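Residue strings, one per chain:
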Amino acid sequence: MRHLRSHSLWLILAAIVATSLLPLPAFWIAQLNYIGLFALTTLGLVLLTGVAGLTSFGQAAFVGIGAYTAAWCALNLAWPPLVTLLLGVLITTASAWVIGRITLRLSGHYLPLATIAWGLSLYYLMGNIDALGKYDGLIGLKSLTLLGQEIGQGRGFFAVCWILLWLATAALTLLLDSRPGRAIRALKDGRQMAEAMGVDTFRYKVTVFLISAILASVSGWLLAYYQRAVNPSAFGLKWGIEFLFMAVVGGVNQLWGAWLGAGVVRLLDEQLQTWLPSLLGASGSFEIIIFGVLLVLILKYRPEGLWSWVRQFLGNQQLERTWDLAPPLPQRVKPERGDTVLEIRSVRKSFGGLVAVNDISFQVKAGQIMGLIGPNGAGKSTTFNLITGTLPLTSGEVIFNHHPVHGLHARDIAKLGLMRTFQHVKMISDMSVLENVALGAHTRGSCDVWSSVLRRNRSEESAIMAEAERQIKRVGLGDWVHEQAANLPMGKQRLMEIARALCADPSVLLLDEPAAGLRHAEKRELSQVLRQLQSEGLSILLVEHDMDLVMDVCDRIVVMEFGTYLTEGTPSEVQQDPKVRAAYLGTEH
Ligand code: ADP
Ligand code: MG
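Residues numbered from 1 in each chain as written. Chains lettered and ligands numbered in written order. Predicted model: local features only at pLDDT ≥ 70, side-chain atom pairs only at ≥ 80, totals over all residues. Heavy atoms only, no water.

## Concerning the overall build of the protein chain
- A count of helices and strands for the protein chain gives 23 helices and 14 strands.
- Seen through its C-alpha atoms, the protein chain measures out along the principal axes to roughly 90 × 50 × 50 Å.
- Relative to its 589 residues, the protein chain shows a buried fraction of 55%.
- Across the protein chain, every contact between residues at least 6 apart in sequence was considered, and the portion connecting residues at least 24 apart equals 75%.
- The average position of the 50 basic charges and that of the 46 acidic charges among the side chains of the protein chain differ by 4 Å. (Helix = DSSP H or I, 4+ residues; strand = E, 2+ residues; numbered from the N terminus. Buried < 20%, exposed > 50% of the residue type's maximum accessible area, 1.4 Å probe, protein only. Contact = heavy atoms within 4.5 Å. Lys, Arg positive; Asp, Glu negative; His and termini not counted. Charge placed at Lys NZ, Arg CZ, Asp CG, Glu CD.)

So, in structure tokens, the structure goes:
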């Protein structure tokens, strides 16, 4: 997320203050004021849609809630702006919470459709309430006054609006580089993985929804005092789409893209509205057509938006190294060596008529490396999904550290210290290796959104980063710490997943084909890492196709075929078993 260094942030603030002191023509101040207002809403949309992957067409409705609350309370109760701001934010939070709880569980295209639905409902609600002046709205507000200071519509307003925008952008930048921020960035493409790391993804979805609604509401509050009037046409679906357009033009997952998008769209809108009618010799909203064409072009040729050009110019910036003296994170009490840590009892999974896992039972002892092998489609990955709670089991029991865990959420099982990797690597491609691995330490920290925004998370954050770096070096990825995860070769991505799981300080580690795609030397390194983990008391359940590796590192091996338990024993016992040979070679025994 870091594309600007912290001193650039201060420079931008200085530029805002300087601009507010310059004698700019009123026309340009007005343009900048609108850009600031729109950028504030768009910023929330970038967080919601671009970063967290939750597309919303209904953001304008929250602008409306903020604007109407301010206008009604100022006109009817003569309440001062700071009070109407607070009330607007409260009402927005309450409505967004209710709407979010109901709609955020929807998946795929249902969520955007739902946002259209409630966006329209709020619009018609605003347009049909007598007290809100129906479709005429409310007029006659006094302009903004803060702390006894008349702000007006000019440069004073510019300063207030843009400093608020700057604060919001700085706060979100801090947020996205923190423990809750990494969880939020996992919402778009890595929900299953994040849950397996102990993240309550639904809670973060609601959080992001609330933050973006509040930013929209604050923008609406400003808008009401700026225009000194409100009416529902500014808060309907058209504006909901326009905000989304600004986000896409700027760069839908870039916070600064919101500034750029709002600026470009507003200025273009203004210019086109002046030039197009005289150019075409007819009046009409021709700019809409140009916007449509522009949107298609951007989506086709620059889907990351205009900010990506600025980013190329700035380069990707590493996190500052601040964790050299970090205190260690708390560690789990590990089971006694030889104790049964994981017991699978008659576990079964049917997918319709297919029984993928057919009453499998086995045990893993603390400090043991247990192999789980079998031909493709034998049900190994499914068994992993059942143990870790990624899939609900049809019947059977999973006992972890003497506690039954079947029926628990994946994230709750993860919190107990059962960690896994995935056969198909799951990662956040645009995060660095360091940040991906740090996600594994989610359950070992506790800093929330507020402490991250207020920078009270510094010591926990450096402890997490230090731990992540330690685990990355442990699996031999020391040279790749700051690389973007997507740039790693496949084999190294698997090692990164192991480091991420280790970052949680697990007592049992489930590895699904960790050696696939590794070179010979890397495989040797991997078996060394596995042995070292074992010597430290960790228990490992290993699914792997590389038989040399399996026979080399495993203490015991369970063999599955077509979902059923075939046999179990030491590597040499299993190797000599005719049933196993038959299963692998496909011959009759
Ligand atoms: P392995 O990891 O041993 O290669 P899997 O556990 O991935 O095998 O798959 C076992 C069987 O279950 C396969 O026949 C596979 O097609 C089926 N299967 C796995 N996941 C699902 C699913 N979500 N829905 C339906 N069938 C599935
Ligand atoms: Mg598999």
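Anyway, onward from the coordinates.
## Re the site of ligand 1
- Around ligand 1, the neighbouring residues are F351, L354, A356, N376, G377, A378, G379, K380, S381, T382 and Q423.
- The contact in question runs from an oxygen atom of ligand 1 to an N or O atom on the backbone of A378, over 3.2 Å.
- A distance of 2.5 Å separates an oxygen atom of ligand 1 from a polar atom in the side chain of T382.
- When isolated, ligand 1 has an accessible area of 560 Å², and the protein chains bury 60% of it. (Near = heavy atom within 4 Å. Polar contact = N/O pair within 3.5 Å; in protein donor to acceptor, adjacent residues only side chain to side chain. Areas by Shrake-Rupley, 256 points an atom, 1.4 Å probe, with all protein chains shown as cover.)

## A few points about unusual backbone geometry
- Its identity is not glycine, yet S346 carries a phi of approximately 45 degrees, on the positive side.
- Note on placement: S346 falls in strand β5 (residues 340-351).
- S346 sits in the partly exposed class, given a relative accessible area of 37%.
- Although it is not a glycine, F562 sits at a positive phi angle of roughly 45 degrees.
- Looking at the secondary structure, you find F562 in the loop between β13 (556-561) and β14 (564-569).

## Some thoughts on the coordination of the magnesium ion (ligand 2)
- All of the protein donors around the magnesium ion (ligand 2) are S381 (OG) and Q423 (OE1); their distances to the metal are 2.1 Å. Of this pair, S381 sits in helix α14 (residues 380-387) while Q423 is found in the loop between β10 (418-420) and α16 (433-438), placing the two residues 42 residues apart along the sequence.
- Taking relative accessible area as the criterion, S381 reaches 21% and is therefore assigned partly exposed.
- For Q423, a relative accessible area of 23% puts it in the partly exposed group. (Donors = N, O, S within 2.8 Å, 3.2 Å for Na, K, Ca; no water.)

## Overview of the sheet that holds β10
- The sheet built from six strands is open, its strands ordered β10-β11-β12-β7-β13-β14 with mixed pairing. Two strands in the sheet have a free side with no partner beyond their single neighbour: β10 and β14. Within the sheet, the average angular offset between the axes of one strand and its neighbour, ignoring direction, is 20 degrees.
- Lying over the sheet, helix α19 (residues 490-502) contacts β10 and β11 (508-512), oriented at roughly 165 degrees with respect to β11.
- Contacting β7 (369-373), β13 and β14, helix α23 (residues 578-585) crosses the sheet at an angle of about 130 degrees to β14. (Pairing = 2+ DSSP bridges. Axes fitted to C-alpha atoms, helices over the stretch in contact; angles between N-to-C directions.)

## Thoughts on the environment of A504
- Inspection of the secondary structure puts A504 in the loop between α19 and β11.
- Given the relative accessible area of 0%, A504 is considered buried.
- In this structure, the C-alpha to C-alpha distance between A504 and A96, residues 408 residues apart in sequence, is 33 Å.
- Ignoring any residue separated from it by four or fewer positions in sequence, one finds A504 in contact with R332, M419, G440 and R444.

## Topic: helix α11 (residues 255-280)
- Taking 1.5 Å of rise per residue, 26 residues should cover 38 Å, and α11 covers 37 Å from first to last C-alpha, within 8% of that figure.
- The sharpest bend along α11 comes to roughly 30 degrees, located at L272.
- The positive-phi residue at the C-terminal boundary of α11 is G281, with phi of around 65 degrees. (Expected span 1.5 Å × (residues − 1). Bend = angle between axes of the 7 residues up to and from the residue.)

## Focus: the sheet that holds β5
- The sheet built from four strands is open, its strands ordered β6-β5-β8-β9 with antiparallel pairing. Taken across any chain shown, the strands that pair with only one partner, and hence form the sheet edges, are β6 (354-365) and β9 (403-404).
- Here strand β8 (residues 395-400) pairs with β9 via two bridges, running antiparallel. Residue I399 lies in a different strand from β9, and its bridge partner there is P404.
- Sheet strands touched by α14: β5, β6 and β8. Its angle to β5, the strand with the most contacts, is close to 115 degrees.

## Re a nonpolar patch on the surface
- A cluster of nonpolar side chains, contributed by I289, I290, V293, L297 and Y301, occupies part of the molecular surface with about 490 Å² of accessible area.
- In this structure, Y301 sits in helix α12 (residues 287-301).
- Relative accessible area serves as the criterion here: at 58%, Y301 is assigned to the exposed category. (Patch = residues over 30% accessible without salt bridge, like charges linked within 9 Å, V, L, I, M, F, W, Y side chains within 5 Å. Salt bridge = Lys/Arg side-chain N within 4 Å of Asp/Glu carboxyl O.)

## What to know about the pattern of salt bridges
- Inspection of every chain in the model, using the stated rule, returns 22 salt bridges.
- Salt-bridge contacts for E242 lead to K238; the nearest nitrogen and oxygen are separated by 3.9 Å. Note that E242 and K238 are positioned in helix α10 (residues 237-250) at a spacing of four residues, about one turn of the helix.
- In this structure, E522 and K492 form a salt bridge, with 2.5 Å as the shortest nitrogen-oxygen distance. Of this pair, E522 sits in helix α20 (residues 520-535) while K492 sits in helix α19, placing them 30 residues apart in sequence.
- Overlapping salt bridges, with partners in common, bring together D177, R185 and E435 in one network.

## Describing helix α3 (residues 59-77)
- Here α3 is 19 residues long and its end C-alpha atoms lie 27 Å apart, about the 27 Å a rise of 1.5 Å per residue gives.
- Most of α3 is tucked away, with 14 of its 19 residues classed as buried.
- A78, located one to two residues past α3, shows a positive phi value of around 55 degrees.

## A short note on the packing of helix α2 (residues 26-51) against helix α9 (residues 201-227)
- Remark: α2 packs on α9, axes separated minimally by 7 Å, with the N-to-C direction vectors making an angle of 165 degrees. Taken together, the axes of α2 and α9 lie roughly antiparallel to each other. As α2 packs across α9, the resulting crossing turns out to be left-handed. Of the residues in α9, those touching α2 at A30, N33, Y34, L37, L40, T41, L43, G44, L45, L47 and L48 are V208, F209, I211, S212, L215, A216, V218, S219, L222, L223, Y226 and Q227. (Parallel < 35°, antiparallel > 145°, perpendicular 65-115°, else oblique. Left-handed = near helix turned anticlockwise from the far one by under 90°.)

## Remarks on the pairing of β5
- When β5 meets β6, the two strands line up antiparallel, connected through eight bridges. Among the inter-strand pairings, L342 is bridged to a residue of β6, identified as V364.
- Between the antiparallel neighbours β5 and β6 lie two residues, among them G352 with a positive phi of about 60 degrees.
- Both β5 and β8 contribute to a ladder of five bridges, which runs antiparallel. What sits directly across from R345, in β8, is E397.

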